[in-house]
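Breakdown of the fold
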Amino acid sequence: MQAEADSVTISLDEVRELALGALTVSGADHDNAEAVADVVVQAERDGCASHGLFRIPGYCASLKSGRINGNAVPRVDTARPGIVRIDGDNGFAPLAVKRGRPFLIEKARRSGIAALTICQSAHFAALWPDTEPIADAGLVAVSFVNSRSTVAPAGGKKPVFGTNPMSFAIPRGDGKPPMVFDQASSVMARGEIMIAAREGKAIPEGVGLDRQGRPTTDPAAVLDGVQLAFGGYKGASIAMMVEILAAGLSGGEFSFEAADNYTADNGPSKAGHLIIALDPQLFHDQFSDRVELLFRTMLAENGTRLPGDRRLQYRQRTPIECVSIPRPLYEEIMAIVSRG
Ligand code: NDP
């Protein structure tokens, strides 16, 4: 560990230790703590501070308040052809995803396409850790998660939808890592707005409205008011689609219901989750070649890049350069670890 005035530099092993320690003393059993710590480490490794250690105090608070079950045992139902249904036992989503993914992959390989749904679980991680391992297994994956309502429908000023992220991952040949994109359907992810508020920075216009429905660049006013979907009414329709796919199909709570059932402990809210996996080999044997042609064509112009490339660059650098954590966050987590 290396300490500067405002930040602390730690290795990925130390990130894991901190996350595991804080989650365990807050009431998570080994399997649940490990599954969450895994996604926290992946986020820090890939330069996604908004879904790394930053989320640990919230995860711990929701364990301590009893809102989330730290001893959850996800119930995986594989009885239907092509479908894996998981009841998350009111725990964090990462363990449910981990338990269900092998069945999803196996079913998709058998029939070309399969889907996995999760209800009764709480998600506030990034989504690419859910889809990338499926692409690593040679399959195309797409994933949708709804959350607590913070985003207005088109023309509205009151939250109905969550920030409702989606992720898309495909395998690539020649030892290349999968191409993965992962994005909220709001203009800005809520975690980024929270970080801007914490750092006292303004956010761009168009990200959200204050409680009175007026445009503002003050992150605290948007957190208190409402976020906007990207791309106006088109993004709002995508946010609505994510609600229906993630919560409607899984039997999970819609984001406005999750908001009603949320106690303000700063932890993740209940969410529905859908992951679809497709075996490209069973669709078209030239799939990989055709996609590489598309990528080459896109990348022929200066200024373009593939989604996920920034993350992959961090992934190479972080094990060498380690991770810089804001000192107040580091001290907050250390206090959780030592006091429980
Ligand atoms: P960003 O807007 O930062 O990035 C979205 C995607 O666009 C990334 O895949 C990114 O790749 C790619 N991208 C960015 N710039 C370019 C570019 N110039 N050319 C090509 N691709 C580009 O993400 P968001 O702020 O929307 O979301 C951040 C995270 O928040 C996500 O991981 C999301 O899952 C998570 N989230 C989770 C929620 C939950 O409830 N669990 C709710 C909402 C969001 P790269 O990473 O390489 O820059």
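Up top is the structure these notes are about.
Residues numbered from 1 in each chain as written. Predicted model: local features only at pLDDT ≥ 70, side-chain atom pairs only at ≥ 80, totals over all residues. Heavy atoms only, no water.

**Looking at the site of the ligand**
Rule in force here: Near is defined per residue: the residue qualifies when any heavy atom it owns lies within 4 Å of the molecule or strand. Each polar contact in these results corresponds to two N or O atoms within 3.5 Å; when the atoms are within protein, one needs to be able to donate a hydrogen and the other to accept it, and residues that are neighboring in sequence are counted only if both atoms are side-chain atoms. Accessibility throughout is a Shrake-Rupley quantity obtained with a 1.4 Å probe, and a residue counts as covered only by protein chains that appear here. Cavities and pockets are defined on a 1 Å grid built over the protein atoms alone: a cavity is a set of grid points where a 1.4 Å probe fits but cannot escape, while a pocket is an open set with protein on both sides within 12 Å along at least five of seven lines, and lining residues are those with an atom within 4 Å of any such point. What decides whether a molecule sits in a cavity or pocket is whether more than half of its atoms lie within 2 Å of the grid points. By the criteria applied, helices consist of DSSP H or I runs no shorter than four residues and strands consist of E runs no shorter than two, each listed in order from the N terminus.
Around the ligand, the structure places 20 residues, and the nearest of them are His 51, Ala 125, Asp 182, Ala 184 and Arg 310. Between a nitrogen atom of the ligand and a side-chain N or O atom of His 123, the distance comes to 3.1 Å. Note that an oxygen atom of the ligand is positioned 3.5 Å from one of the backbone N or O atoms of Arg 311. For the ligand, the protein covers 74% of the area, taking 930 Å² as the surface of the free molecule. Under a 2 Å grid-point criterion requiring more than half of the atoms, the pocket assigned to the ligand is the largest pocket. At the level of elements, strand S8 (179-183) and helix H12 (309-321) are the ones that each hand at least two residues to the shell around the ligand.

**Notes on the sheet that holds strand S5 (residues 113-122)**
Rule in force here: Strand pairing requires that DSSP identify at least two bridges connecting the strands. Under this scheme, a helix contributes an axis fitted over its contacting stretch, all axes are lines through C-alpha atoms, and angles between N-to-C directions fall in the 0 to 180 degree range.
Read from one edge of the open sheet, seven strands run S3-S4-S5-S11-S6-S7-S8, paired in mixed fashion. Both edges of this open sheet fall to strand S3 (75-77) and S8, since each of them pairs with a single strand only. The average angle at which neighbouring strand axes cross in this sheet is 10°, direction not considered. When S3 meets strand S4 (residues 83-92), the two strands line up antiparallel, connected through three bridges. From the neighbouring strand, Val 76 faces S4, where its bridge partner is Ile 86.

**Describing unusual backbone geometry**
Selection criterion: Think of it in three bands: residues with accessible area under 20% of the maximum for their type are buried, residues over 50% are exposed, and the middle band is partly exposed, with areas taken using a 1.4 Å probe on protein chains only.
Even without being a glycine, Asn 90 presents a positive backbone phi close to 60°. Its location among the elements puts Asn 90 in strand S4. Under the relative-accessibility criterion, Asn 90 is labelled partly exposed at 23%. With a phi close to 55°, Gln 120 is a non-glycine residue in the positive phi region.

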